[in-house]
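# Chains, contacts and geometry: an overview
Chain by chain, the residues:
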Amino acid sequence: MNKKFETVIGLEVHVELGSKTKIFCSCSTEFGGEPNTHCCPTCMGLPGALPVLNEEVVNYGIRAGLATNCQITNIGKQDRKHYFYPDSSTAYQISQDDSPLAYNGYLDIESKGGSKRIGITRIHIEEDAGKLVHEKGLGTLIDYNRAGVPLIEIVSEPDLRSKEETIAYLQKLRANMIYTDVSQCRMNQGQFRCDVNISIREKGAKEFGTRTEIKNLNSFQSIMKAIEYEEKRQIDAIKKDEIIMQETRGFSQETGKTYSLRDKENSDDYRFLPDPDLMPIVIEKEMIENIRKKLPELPDDRKSRYIKDYDLSNYDSEQLISSIEVADYFEKAAKDAKNTKILANLIISEIFRLTSPEEFNLPFSPEYLSQLVNYLEEEKINYNSAKKVIEIMWKEEKTPEKIIEEENLEQINDEKVLGDIIDESIKTSKRAVEEYQSGKEKALQSIIEKVMGRTKGRANPNLVVKILQNKLK
Ligand SMILES: [Zn+2]
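From a predicted model like this one, the values you see are computed outputs, not experimental measurements.

With that out of the way, let us pick up the pattern of salt bridges. Throughout the structure, instances matching the rule amount to 40 salt bridges. Here glutamate 6 makes a salt bridge to arginine 201, at a shortest N to O gap of 2.9 Å. Placement of the pair is glutamate 6 in strand E1 (residues 5-16) and arginine 201 in strand E11 (residues 192-202), with a sequence separation of 195 residues. Across the pair, arginine 201 and glutamate 6 agree in class, each one buried. The shortest N-O distance in the salt bridge between arginine 305 and glutamate 297 comes to 2.9 Å. Residue glutamate 297 is classed as partly exposed on the basis of its relative accessible area, which comes to 31%. When salt bridges that share partners are traced, they join Glu110, Lys172, Asp300, Lys303 and Glu318 into one network.

See the structure below:
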């Protein structure tokens, strides 16, 4: 990122609610199924069919609002948002215009840059559209199974300044939705998808630059890549004094580039109109309090608990709570682990390299991981070997103990044995020895590497450093 410029990002996230039935009829919301088997005249928008709001959808929406520190409205209405697209047979989407269910919330995030509070402007309920299927030889077909599936749209303030913050916010938001059972947020099924509003301005400027909106991103990787590309494209344009168009853009996974879909000049007028078929949504205070009382432990509550009970840092705790599967796994393993910091570190540094927090499903039990932590704590193995054990457990069903034995990974802690190997290594490292003795601390590294090589990575690294330093005094 260029030092002269600053990126400004705001997000619109669509979350598919966990409701078993659709928003205005009793059709199933189940993913997949033969085309057009989960629909009726209402969700197909046939003339004369009347929508009736599914009360569950309001409950889900309130839960989402409370989980994100929002205020909940006491009276809301639903509006028709007009636009033509073949997947919406009524030529409007029922959404909420100026009376969203929840507003004025926030989420606290933790990224490498530190802690930050991200504002949430509003959360409103709306219906999903059908799906167009382009079949070779048959033309374009339409599947209404998804039409009328209930969604919430969560709009953030333009408070995000980088792709890292964006991902941290999305992980936190997703965690809150999953913990409170608002949605399972399966990204590969489109249950959690995101539009990114992005602009560039000179650092310190008060005015926002012209923004573009990148539509429908449904993986963290696409979001990262799309932001990266768009940042560069807009900065290059500014440097060349070119005008940035306010427009809607798509993102291609194949090319890694964003591309223009349509300009925004005329498309912003949706002619919102209160839906005359739907009653106002009245929310009593009591109803909100009842839902609040039943909320489970939220991600931030768990985070505070981890900092206090397991002595973890802010950042590490946030990494662990960002997925409920990771958090549950960590807590199970922590029961028998003699050092929870090592445990957290193995999960964040090593296991997240093999799988993402969003797809966390380990092939070995938490007990195996705590055993491994204990071997490390007891200095039976070193960190390098622990990494090897994890990689093998990933592929084969073996206990850590068996792997350590079979692969001969036990740490060498015998000072006499290490001393001999170190003597050998010193003999063949004349230059490094001279450099070290003339004050270059770093020169020690190459000798340590030799010792590690000779012991096939099994030497106790702390002991090696200690013995080496003594010998070279
Ligand atoms: Zn239906």
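Moving on from the model shown.
This brings us to the sheet that holds strand E4 (residues 79-82). Strand pairing in a sheet is mediated by backbone hydrogen bonds. Such pairs are either parallel or antiparallel. Reading across the sheet, the three strands line up as E5-E4-E15 and stay open at both edges, with antiparallel pairing between neighbours. Edge positions in the sheet fall to strand E5 (92-95) and strand E15 (273-274), since each has one partner strand and no second. Where E4 lies against E5, four bridges are found, and the strand directions are antiparallel. Paired with aspartate 79 across the bridge in E5 is serine 95.

Calculation rules
- Residues numbered from 1 in each chain as written.
- Predicted model: local features only at pLDDT ≥ 70, side-chain atom pairs only at ≥ 80, totals over all residues.
- Heavy atoms only, no water.
- Salt bridge = Lys/Arg side-chain N within 4 Å of Asp/Glu carboxyl O.
- Helix = DSSP H or I, 4+ residues; strand = E, 2+ residues; numbered from the N terminus.
- Buried < 20%, exposed > 50% of the residue type's maximum accessible area, 1.4 Å probe, protein only.
- Pairing = 2+ DSSP bridges.

Fair warning: the whole summary comes from geometry, so function is off the table for now.
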